[in-house]
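Here are the chains, one letter per residue:
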Amino acid sequence: GQQVMQIPQYQHVQEGEDFTTYCNSSTTLSNIQWYKQRPGGHPVFLIQLVKSGEVKKQKRLTFQFGEAKKNSSLHITATQTTDVGTYFCAPRRSGGSNYKLTFGKGTLLTVNP
Amino acid sequence: DAGVIQSPRHEVTEMGQEVTLRCKPISGHNSLFWYRQTMMRGLELLIYFNNNVPIDDSGMPEDRFSAKMPNASFSTLKIQPSEPRDSAVYFCASSLEVAGGWEETQYFGPGTRLLVL
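Residues numbered from 1 in each chain as written. Chains lettered and ligands numbered in written order. Predicted model: local features only at pLDDT ≥ 70, side-chain atom pairs only at ≥ 80, totals over all residues. Heavy atoms only, no water.

Asker: Describe the overall build of chain B, with residues and values.
Answerer: Within chain B one finds 0 helices and 11 strands. Listing the helices and strands of chain B from first to last along the sequence gives β-β-β-β-β-β-β-β-β-β-β. Taken over C-alpha atoms, the radius of gyration comes to 14 Å for chain B, in line with the 13 Å a tight globule of 117 residues would show. Its C-alpha atoms give chain B principal-axis dimensions of about 45 × 30 × 25 Å. Out of the 117 residues in chain B, the part that is buried amounts to 50%. Working note: accessible area of chain B is about 5700 Å², and carbon and sulfur atoms make up 52% of it. Here chain B contributes 10 positively and 14 negatively charged side chains, and the mean placements of these two sets differ by 6 Å. (Helix = DSSP H or I, 4+ residues; strand = E, 2+ residues; numbered from the N terminus. Rg over C-alpha atoms; globule rule 2.2 N^0.38 Å. Buried < 20%, exposed > 50% of the residue type's maximum accessible area, 1.4 Å probe, protein only. Areas by Shrake-Rupley, 256 points an atom, 1.4 Å probe, with all protein chains shown as cover. Lys, Arg positive; Asp, Glu negative; His and termini not counted. Charge placed at Lys NZ, Arg CZ, Asp CG, Glu CD.)

Okay, here's the thing in structure tokens:
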């Protein structure tokens, strides 16, 4: 079955520092979505990447999809306390059931003000 | 748009009792998902409905779990009998599946936090 590894599991940063989380799959992906879950909250969709090598930006957030479509990353520039939460990648594998998102374990980000 | 609505938001029950979780998806969405989230296992897909029909229930842990979707605006997840290891946050999510089915965003409800004593 598809294996999704998300690293790191936890990351603690000082406000203003950068942050990156990585998502790696053992199989080629059709596309990948990223979600954010605030403490005590529910996952909220951030973005979807589809094309090989795709890069998308949302203000201080930069999302990348690897050339081989097996990995992805989320980078936050100059973190703020509002960035606190768990970031999940949710890949869809190629050729599989299109509806099925396989969520990674997530990276918990905490920010020290 | 009210978003996905779940009830109850919190449930505390004793082992052996029946638990029913409820979900109202976003109006117009044709796909509904039930997830379970725990620290150990993360976010797991339990069951997926499309147009009110269960398509994939391979994630349902065992026969104690059952889910129904009698109409497009309502779904239930039932655990009978409940056990302490069922304690988790249960999320319902909905989406609009289009032809090809690979672009949908899933909208999650606030979740039901279940504690089985």
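Asker: Could you give an account of the sheet that holds strand β7 (residues 65–71) of chain B, with specific residues and numbers?
Answerer: Residues and elements named next belong to chain B. Read from one edge of the open sheet, 4 strands run β1-β3-β8-β7, paired in antiparallel fashion. On the outer flanks of this sheet lie β1 (5–7) and β7, each paired with one strand and no other. On average, each strand axis in the sheet is inclined to that of its neighbour by 15°, with strand direction left out of account. With 3 bridges connecting them, β1 and strand β3 (residues 19–24) associate as antiparallel partners. Pairing of S7 across the sheet is with R22, part of β3. (Pairing = 2+ DSSP bridges. Axes fitted to C-alpha atoms, helices over the stretch in contact; angles between N-to-C directions.)

Asker: Explain the nonpolar core to me, using residue names and the numbers behind them.
Answerer: Core analysis: the biggest nonpolar cluster contains 21 residues, and L32, W34, F49, M60, L77 and Y90 of chain B have the highest contact counts within it. Where this core is concerned, the elements lending two or more residues are β3, β4 (31–38), β5 (42–50), β7, β8 (74–79), β9 (88–95) and β11 (112–116) of chain B. Within the second largest apolar cluster, 19 residues are counted, among which are V13, I47, I76 and L109 of chain A. (Core = buried A, V, L, I, M, F, W, Y, C linked by side-chain atoms within 4.5 Å.)

Asker: Tell me what's going on with unusual backbone geometry, and back it up with residues and numbers.
Answerer: Residue P8 of chain A is reached from I7 of chain A by a cis peptide bond, and omega for that bond is -5°. Structurally, the position occupied by P8 of chain A is in the loop between β1 (4–7) and β2 (10–14). Each neighbour pair has its own omega, and for S7 of chain B with P8 of chain B the value is -10°, a cis peptide bond. Position of P8 of chain B relative to the elements: it lies in the loop between β1 and β2 (10–13). Backbone geometry at A78 of chain A places phi at a positive 50°, although glycine is not the residue there. With respect to the element layout, A78 of chain A can be found in the loop between β8 (71–76) and β9 (85–93).

Asker: Give a detailed account of the sheet that holds strand β4 (residues 29–37) of chain A, specifying residues and quantitative values.
Answerer: Residue and element names in this part refer to chain A. Spatially, 5 strands are ordered β2-β10-β9-β4-β5 in an open sheet, and the strand pairing comes out mixed. The sheet terminates laterally at β2 and β5 (44–49), the two strands that pair on one side only. Direction aside, neighbouring strands of the sheet carry axes that sit 20° apart on average.

Asker: With reference to specific residues and values, describe a nonpolar patch on the surface.
Answerer: Residue and element names in this part refer to chain A. Residues M5, I7 and Y22 make up a contiguous nonpolar surface patch of about 300 Å² in total accessible area. Tracing the sequence through the fold places Y22 in strand β3 (residues 19–25). With relative accessibility at 41%, the residue Y22 sits in the partly exposed group. (Patch = residues over 30% accessible without salt bridge, like charges linked within 9 Å, V, L, I, M, F, W, Y side chains within 5 Å. Salt bridge = Lys/Arg side-chain N within 4 Å of Asp/Glu carboxyl O.)

Asker: Pulling in residues and values, what's your account of the packing of aromatic side chains?
Answerer: Residues and elements named next belong to chain A. Scanning all chains against the criterion turns up 11 aromatic pairs over all chains. Note on F19 and Y87: the rings are 5.9 Å apart at their centroids and 45° apart in plane angle, and the pair reads as tilted. Taken together, the positions of F19 in strand β3 and Y87 in strand β9 put the pair 68 residues apart, joining distant regions of the chain. Seen from their ring centres, Y35 and F45 are 5.7 Å apart, and the 75° between their planes marks the pair as edge-to-face. Of this pair, Y35 sits in strand β4 while F45 sits in strand β5; the two residues are 10 residues apart in sequence, bridging distant segments of the chain. (Phe/Tyr/Trp six-rings, centres within 6.5 Å; stacked < 30°, edge-to-face > 60°.)

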